[in-house]
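Listed below are the residues making up each chain.
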Amino acid sequence: MSGKLIVFEGVEGCGKTTQMQLCCQWLENLGISVIVTREPGGTELGLHLRRLLLEKSEDKPVADVTELLLYAADRAQHVEQKLKPNLALGKYILCDRYTDSTVAYQGYGRGLNMSLIEQLNYIATAGLTSDLTIWLDVDVEMGLSRKRGDAVPLDRIEQETIAFHRRVSHGYSKLAAAHPSRIVRVDGSLSKETVHGVIQDILRDRLQV
Ligand code: T5A
């Protein structure tokens, strides 16, 4: 029996965590066994990498290529230690970010070489792609203002310029256009309950849950 990998993607504050929690409760009520995880930080090693990646340190800047390699290392460990074994057990995995984040943030956001990113994504995942990716599309300013409202200090990447976040957002539009059978756009500016209802419809339609 093999499970399903369902990924949630989007710019900062688009509502992934909120929707994954709602989706997890809904699937569990249907009797489906669910794992909720995230990148970076879905494994013990990944938690160390997450701290290195997201803590802001003015005197120790992270070079763009270093950042790319750390996300790839986090993913390789996550795929091997958590995603593959749980898929083999037939679980539904709800994953906060995956390969599209690297294309959007390090590719479109940082301007790193796309072919290098594709190669690293392939090495890190050994070709494991999502069964479905939900892209929560919200305006960058709206997402950041939600995050500021959470009263938690913005992390290193959230503190990037608006121009950076707009390039990331543009990256998601390009990805969705390039992979229409895998990536489904959902209007993340709607209420939490409305967005959840839309996601339920998509999962029923695409994965027959
Ligand atoms: N990254 C990651 C890369 O650069 N490359 C990579 O390869 C990978 C994997 C991860 C960072 O790493 C970068 C991207 C990120 O910058 P993170 O802590 O996981 O960092 O941060 P995010 O992924 O951005 O997740 P957040 O927790 O910050 O935001 P969410 O999960 O999108 O949003 P959520 O659900 O926490 O909601 C934020 C606020 O908005 C409210 C919520 O209640 C909350 O207050 N909200 C809504 N308000 C109104 N209407 C709605 N529909 C709402 N939905 C949520």
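Everything below is about the structure shown above.
The present account deals with the structure reproduced in this document. (Residues numbered from 1 in each chain as written. Predicted model: local features only at pLDDT ≥ 70, side-chain atom pairs only at ≥ 80, totals over all residues. Heavy atoms only, no water.)

What follows deals with the layout of surface pockets. Taken as a whole, the largest pocket spans an internal volume of roughly 970 Å³. Forming the boundary of the largest pocket are 40 residues, of which Gly13, Lys16, Thr17, Asp96 and Lys147 lie nearest the centre. Mapped onto the lining of the largest pocket, the elements with two or more residues apiece are helix 1 (16-29), strand 2 (34-38), helix 2 (44-54), helix 3 (64-88), helix 4 (99-109), helix 6 (140-149) and helix 8 (192-207). The residue inventory of the lining of the largest pocket, partitioned by class, reads 15 nonpolar, eleven polar and 14 charged. Taken as a whole, the second largest pocket encloses approximately 340 Å³ of empty space. Mapped onto the lining of the second largest pocket, the elements with two or more residues apiece are helix 4 and helix 5 (114-125). (1 Å grid on protein atoms, 1.4 Å probe; cavity = no way out; pocket = protein on both sides within 12 Å on 5 of 7 lines; lining within 4 Å. Points joined across faces, edges and corners; volume = space filled by probe spheres on them. Helix = DSSP H or I, 4+ residues; strand = E, 2+ residues; numbered from the N terminus. Nonpolar A, V, L, I, M, F, W, Y, C, P; charged D, E, K, R; others polar.)

Right, let's talk about the pattern of salt bridges for a bit. The final tally for this structure, using the stated rule, is 14 salt bridges. Where Arg97 meets Glu9, a salt bridge forms, and the shortest distance between an N and an O atom there is 3.9 Å. A residue pair is termed long-range when its members are at least 10 positions apart, and Arg97 in the loop between strand 3 (92-96) and helix 4 and Glu9 in strand 1 (residues 4-9) qualify at 88 residues. The closest approach of N and O atoms between Lys16 and Asp96, which form a salt bridge, is 2.7 Å. Remark: Asp96 occurs in strand 3 and Lys16 occurs in helix 1; sequence separation between them is 80 residues. Note on accessibility: Lys16 and Asp96 belong to one class, buried. Through salt bridges with shared partners, a single ionic network connects Asp64, Glu67, Arg110, Arg156 and Glu160. (Salt bridge = Lys/Arg side-chain N within 4 Å of Asp/Glu carboxyl O. Buried < 20%, exposed > 50% of the residue type's maximum accessible area, 1.4 Å probe, protein only.)

Attention now moves to the sheet that holds strand 5 (residues 183-187). Overall, parallel pairing links the five strands, which are arranged 2-3-1-4-5 in an open sheet. Every interior strand has two partners, whereas the edge strands, strand 2 and strand 5, have only one. This sheet shows a mean twist of 20 degrees between the axes of neighbouring strands, independent of strand direction. Where strand 2 meets strand 3, five bridges bridge the pair, whose relative direction is parallel. Bridge pairing in strand 3 links Val36 to Leu94. Relative to strand 4 (residues 132-137), helix 7 (residues 162-178) is tilted by about 140 degrees, and along the sheet it contacts strand 1, strand 4 and strand 5. (Pairing = 2+ DSSP bridges. Axes fitted to C-alpha atoms, helices over the stretch in contact; angles between N-to-C directions. Contact = heavy atoms within 4.5 Å.)

Overall, the relative accessible area of 10% leaves Lys16 in the buried class. Put simply, Lys16 and Trp135 are 119 residues apart on the chain and 8.8 Å apart in space, counted from C-alpha to C-alpha. In contact with Lys16, other than residues within four places in its own chain, are Phe8, Glu9, Gly10, Asp96, Arg97 and Leu136.

The subject of this paragraph is the packing of aromatic side chains. The tally for this structure, following the rule as stated, stands at two aromatic pairs. Taken together, a centroid distance of 6.1 Å and an interplanar angle of 55 degrees make the contact between Tyr105 and Phe164 tilted. Residue Tyr105 is located in helix 4, and its partner Phe164 is located in helix 7; the two are separated by 59 residues in the primary sequence. Per residue, the accessibility class of Tyr105 equals that of Phe164, and both read buried. An angle of 20 degrees between the planes, with centres 6.3 Å apart, marks the rings of Trp135 and Tyr172 as stacked. Taken together, the residues span a long stretch of sequence, with Trp135 in strand 4 and Tyr172 in helix 7 at a distance of 37 residues. Each member of the pair, Trp135 as well as Tyr172, is classed as buried. (Phe/Tyr/Trp six-rings, centres within 6.5 Å; stacked < 30°, edge-to-face > 60°.)

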